[in-house]
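Chain and residue survey
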Amino acid sequence: MKKKELQIKLQELEGFVNPKAELEQYRTPPDLASSVLWNIYLNGEIEGKEVYDLGCGTGTLGIGAKLLGAEEVVCVDIDKEAIDIARKNADKAGVEVKFKKTDVRDVEGEGDLVIQNPPFGSQKRGSDRPFLEKSLEIAPVVYSFHMSETDEFVREYVRSCGGKVVSSEELNFPLSKTMPWHEKEEENIRVRFYRLERS
Ligand code: SAH
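Model, not experiment: these values are computed from the prediction. (Residues numbered from 1 in each chain as written. Predicted model: local features only at pLDDT ≥ 70, side-chain atom pairs only at ≥ 80, totals over all residues. Heavy atoms only, no water.)

Things to note about the packing of aromatic side chains
Test applied: We call Phe, Tyr and Trp rings a pair once their centres come within 6.5 Å, taking the six-membered ring for Trp, and we label the pair stacked below 30 degrees between planes, edge-to-face above 60, and tilted otherwise. Each helix corresponds to a stretch of at least 4 residues labelled H or I by DSSP, and each strand to a stretch of at least 2 residues labelled E; elements are numbered beginning at the N terminus. Burial status follows relative accessibility: with a 1.4 Å probe on protein chains alone, a residue under 20% of its type maximum counts as buried, one over 50% as exposed, and anything between as partly exposed.
In this structure the tally under the stated criterion is 6 aromatic pairs. Arranged with centres 6.3 Å apart and planes meeting at 80°, the rings of phenylalanine 120 and phenylalanine 173 form a pair that is edge-to-face. Note that phenylalanine 120 is positioned in the loop between β4 (113-116) and α5 (129-138) and phenylalanine 173 in strand β6 (residues 163-176), a separation of 53 residues in sequence. For phenylalanine 120, a relative accessible area of 7% corresponds to the buried category. Judged by centre distance (4.5 Å) and plane angle (45°), the rings of phenylalanine 145 and phenylalanine 193 are tilted. Of this pair, phenylalanine 145 sits in strand β5 (residues 141-147) while phenylalanine 193 is found in strand β7 (residues 186-198), placing the two residues 48 residues apart along the sequence.

So this is what it looks like as structure tokens:
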């Protein structure tokens, strides 16, 4: 699979049909998803590995990891509607992925890697926390998206969960108009993509 093929495959997947504000359902744009996944793949951290996608939504990150040769992918989301779309997306992409419809807090399991774009905690304060905590329980290495303005909090919280920020990069995250209060058709928000490890 080449990077361009991955991008095209992810572009073909469905997004949220009725995005739920309280669950902060925003899809990672396929171009951004393929670019971050590709770099992780080049690091040798996807092929043959067991990967978790927490708060998978419509499955973009988990399905992308499977397309890049992950041995097993587990996609978790609390929302049945999102999981239903993600299942169809996996079929469409021709990959087998495991799905768990559950609150992230209740996930049990261990893997090599977590790749997640969780809620940023902007609708419900603190909704990003269980993702940071659980991801570091599941895997020794975690890649996670958070809003740039919460950088200080993320670093502190990761430390309190027994982890450390190894590196991070700031990215433009194009957010399309999906909620009634979004004024612009598309807006770029500043997002940080972190690599975390257990200390
Ligand atoms: N990771 C996806 C979706 C991001 S939106 C993508 O990159 O496209 C955040 C997702 O987290 C939503 O699908 C939402 O339903 C899910 N979510 C929110 N709170 C959750 C919780 N407590 N447990 C599990 N999933 C949750």
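Describing the environment of glycine 44
Tracing the sequence through the fold places glycine 44 in the loop between α2 (30-42) and β1 (50-54). The class for glycine 44 is partly exposed, based on a relative accessible area of 41%. Residues glycine 44 and glycine 69, 25 residues apart in the sequence, show an inter-C-alpha distance of 10 Å.

Some details on the site of the ligand
Just so we agree on the cut-off: Residues are counted as near a molecule or strand when any one of their heavy atoms sits within 4 Å of it. Polar contact is the term for a pair of N or O atoms within 3.5 Å; when the atoms are in protein, one must be able to donate a hydrogen and the other to accept it, and sequence-neighboring residues count only if both atoms are side-chain atoms. With residues, only the protein chains shown are counted as cover, and all accessible areas are computed by Shrake-Rupley using a 1.4 Å probe.
Neighbouring residues of the ligand: 21 residues in total, closest Gln25, Thr28, Gly55, Asp77 and Val104. Side-chain polar atom of glutamine 25 to an oxygen atom of the ligand: 3.0 Å apart, as the coordinates give it. Here a nitrogen atom of the ligand and a backbone polar atom of isoleucine 78 are 3.3 Å apart. Within the complex, 96% of the 570 Å² of free accessible area of the ligand lies under protein.

Geometric values such as these leave the question of function open.
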